[in-house]
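# Structural description and commentary
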Amino acid sequence: MESREFIDMARKLLDADSLTRERAADEVTDRLNSYSPAQVSTLATLLSGVAASEKKSSTLEAALHAILELMSTGHVALDHVAQLREIQLGQLSPELREYVADLLEKLRRV
């Protein structure tokens, strides 16, 4: 992915509007094969920060799904997504709580 496109993606992931962040997370998964290993780990780091501070459930779910897809590339390490540990599991719906717990467990095994 070209630098211009990558920076645009990062801006969308960090946008103030939750719908823009959600769409950007979905777009990350759509373009999975176009990233370099460094871009994959950077996107995973950005997405975990977004997820850790996300209030909207659908946007959180999109960010978590994108992280899971990025993990499939083999270029995501536990330290790239350490911010996921900041998520207050007790404040999530049971489905999202399980999603976060499963994601963290998968990362521990990497």
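Placed above this text is the structure.
First, a word on what this report is: a plain description of the structure on this page. (Residues numbered from 1 in each chain as written. Predicted model: local features only at pLDDT ≥ 70, side-chain atom pairs only at ≥ 80, totals over all residues. Heavy atoms only, no water.)

### Some points on helix α4 (residues 57-71)
An ideal rise of 1.5 Å per residue puts 21 Å on 15 residues; α4 measures up with 21 Å between its terminal C-alpha atoms. Thr59, Leu60, Ala62, Ala63, Leu64, Ala66, Ile67, Leu70 and Met71 are the residues of α4 that are buried. (Helix = DSSP H or I, 4+ residues; strand = E, 2+ residues; numbered from the N terminus. Expected span 1.5 Å × (residues − 1). Buried < 20%, exposed > 50% of the residue type's maximum accessible area, 1.4 Å probe, protein only.)

### A closer look at the nonpolar core
Generally speaking, nonpolar side chains in soluble globular proteins are found buried as a group. In terms of nonpolar packing, the biggest core is built from 32 residues, with Val28, Leu47, Leu64, Leu70 and Leu84 touching the most fellow members. Here this core gets eight residues from one element, more than from any other, and that element is α4. Every residue in contact with valine 28, bar those within four places of it in the chain, is listed here: Met9, Leu13, Tyr35, Leu43, Leu47, Ala66 and Leu70. (Core = buried A, V, L, I, M, F, W, Y, C linked by side-chain atoms within 4.5 Å. Contact = heavy atoms within 4.5 Å.)

### Things to note about the environment of proline 94
Structurally, the position occupied by proline 94 is in helix α5 (residues 94-109). Residue classification places proline 94 among the exposed positions, given a relative accessible area of 53%. Separated by 17 residues in sequence, proline 94 and alanine 77 have C-alpha atoms that sit 26 Å apart.

### Examining the layout of surface pockets
If a probe as big as a water molecule is rolled over the atoms, it shows which places are left empty. Estimates place the volume of the largest pocket at around 240 Å³. In terms of residue count, the dominant contributor to the lining of the largest pocket is helix α3 (residues 37-53) (three residues). (1 Å grid on protein atoms, 1.4 Å probe; cavity = no way out; pocket = protein on both sides within 12 Å on 5 of 7 lines; lining within 4 Å. Points joined across faces, edges and corners; volume = space filled by probe spheres on them.)

### Here's the deal with helix α2 (residues 18-30)
With 13 residues, α2 extends 19 Å from end C-alpha to end C-alpha; this agrees with the ideal 18 Å at 1.5 Å per step. Among the residues of α2, Ser18, Arg21, Glu22, Ala24, Ala25, Val28 and Thr29 are the ones counted as buried. Each buried residue of α2 sits inside an arc of 165 degrees when the element is viewed along its axis, so together they form one side. Counted as exposed and oriented over 90 degrees from the buried face of α2: Arg23 and Asp30. (Arc of directions from axis to C-beta.)

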